[in-house]
Amino acid sequence: MMLVALSLLLATHRGMAPRLPILCFPSSSSSLESPWHLHSRVPNRALATKKAMIRASKLFLLGLILQGGFFHSIHDLTYGVDVREIRLMGVLQRIAIAYLAVALCEIWLRGGASDIGAYALIRRYRHQLFVGLVLTVTYMTFLYGMYVPDWEYVITSPDNTIKHLTVKCAVRGDTGPGCNAVGMIDRRVLRIQHLYMRPVYLRTAQCSINTPRNGPLPPDAPTWCEAPFDPEGVLSSLMAIVTCLIGLQIGHVLVHFKEHGERIVRWSIPSLSLLILGFLLDLFGLHLNKSLYSLSYTCVTTGAAGLLFAGIYLLVDVYAFKKPLFPMEWVGKHALMIFVLVACNIAPILVHGFHWREPQNNLLKFIGIGG
């Protein structure tokens, strides 16, 4: 994952268009598809808004097809999905939403000041920063202030037995798997049948006797173990937008400042501050949580991405250390295609389709991925 992150950041700086999450961060900073570049090429705000909406819609639709359940697992060569149960959110859908929100901020919420000094950059883009603050406060208010009542769900076991399960909650501010506000909002807005059916907590010790792999439930497994949960849900996507807004400010530094040293300083200091803030938040109880996209997780990932970006810029542009990093640049240029082929299981499914005599005799089984 770190190699992919470095690749994305490198390709972003070289003028490409990455499309994955550290993903949201570099896709907002300095690619040809970035919101500020779109606005600079299309000065008409209405037309730029239309282009951003079309681009986001295409990405969202691609996400529905690839991550909505149409393609099955690498062990299943069938395909198709009941639209009544299609997964509505996913990584690509989240990036589409975050991209559109940040593009609209860049198109409509930017100051007109031409002088850029110590604090002029903050003044010019203060409205965008205010949007990020409002989104963060909204997220924190819902996550820690919303009351989560007891809730029920129905599942069908492999032997076609229907089970009615009740999850006891009646709490506020819980960040565990079963009783958090993120999941409750998704169940009410998206409906439970449209959520991710294989959440990561299925592999925890509470829910699997084969942890860290999927397995049978322990005898004392909590009732929420078999419940759907979407890590790319509605509420948590607010913090993904905040991540993109921070990445957008990284791009602003690249545009408005031309000296290498000045750029690196203006990237490094805020990034290091975010990284430290994230770990302090985790230390004082606001724990790092990728599934909920917690505030501490946002600070740590954006801070780390900013420092990586500054480091790669130093190697490539200042010290001309380009050839050894070319493979990562290539990965970054084709980030969306690589994500589609690998993370969405398209490549394993295609390889799985070619076998010798029996479907089990395929290349995936030979290399130990599956059979």
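The shown structure was predicted, so the numbers you read here are calculated from the model rather than taken from an experiment. (Residues numbered from 1 in each chain as written. Predicted model: local features only at pLDDT ≥ 70, side-chain atom pairs only at ≥ 80, totals over all residues. Heavy atoms only, no water.)

(A) A look at the state of the cysteines. Under the counting rule described, the total for this entry stands at 2 disulfides. For C169, the disulfide goes to C179, at an S-S distance of 2.1 Å. Since a negative S-S torsion denotes a left-handed disulfide, the C169-C179 link at about -80 degrees is left-handed. Linking C169 in the loop between β3 (162–167) and β4 (171–172) with C179 in the loop between β4 and α8 (181–191), this pair joins segments that are 10 residues apart in sequence. As far as the burial class goes, C169 and C179 line up, both buried. For C207, the disulfide goes to C225, at an S-S distance of 1.9 Å. (Disulfide = S-S within 2.5 Å. Helix = DSSP H or I, 4+ residues; strand = E, 2+ residues; numbered from the N terminus. Buried < 20%, exposed > 50% of the residue type's maximum accessible area, 1.4 Å probe, protein only.)

(B) Region of interest: the nonpolar core. Grouped together as the largest cluster of nonpolar side chains are 40 residues, with contacts concentrated most on Y139, Y153 and V167. Counting residues per element, this core draws most heavily on helix α9 (residues 236–256), which supplies 8 residues. Other than its neighbours up to four places away in sequence, V167 contacts D150, W151, Y153, G178, C179, T223 and W224. In terms of nonpolar packing, the next biggest core, distinct from the first, is built from 14 residues, L92, A96, F339 and I346 among them. (Core = buried A, V, L, I, M, F, W, Y, C linked by side-chain atoms within 4.5 Å. Contact = heavy atoms within 4.5 Å.)

(C) Here's a closer look at the UniProt feature "transmembrane region" (unreviewed entry) in the protein chain. UniProt feature "transmembrane region" (unreviewed entry): in the numbering of this structure it lies at residues 91–109, 129–147, 234–255, 267–288, 294–316 and 336–356. Between the C-alpha atoms that bound residues 129–147 the distance is 29 Å, and the span itself is 89% helix and 5% strand. The span residues 234–255 shows a helical share of 91% and a strand share of 0%, and its end C-alpha atoms are spaced 32 Å apart. (UniProt positions renumbered as here; feature names shortened; annotations may be inferred.)

(D) Structural context of the packing of aromatic side chains. Within the structure shown, the criterion is met by 6 aromatic pairs. Relative to W224, the ring of Y201 has its centre 5.2 Å away and its plane inclined at 85 degrees; by these criteria the two rings are edge-to-face. Highlighted residues: Y201 in the loop between α8 and α9 and W224 in the loop between α8 and α9, separated in sequence by 23 residues. Considered together, Y201 and W224 belong to a single accessibility category, that of buried residues. Relative to Y297, the ring of Y293 lies with its centre 5.2 Å away and its plane at 85 degrees, an arrangement referred to as edge-to-face. Y297 shares its class with Y293; the two are buried. Each residue in the set Y201, W224 and F229 is aromatic and connected to the rest through ring pairs, giving one cluster. The lysine or arginine in question, R187, covers the ring of W151, its NZ or CZ lying 3.6 Å from the ring centre. (Phe/Tyr/Trp six-rings, centres within 6.5 Å; stacked < 30°, edge-to-face > 60°. Lys NZ or Arg CZ within 6 Å of the ring centre and 35° of its normal.)

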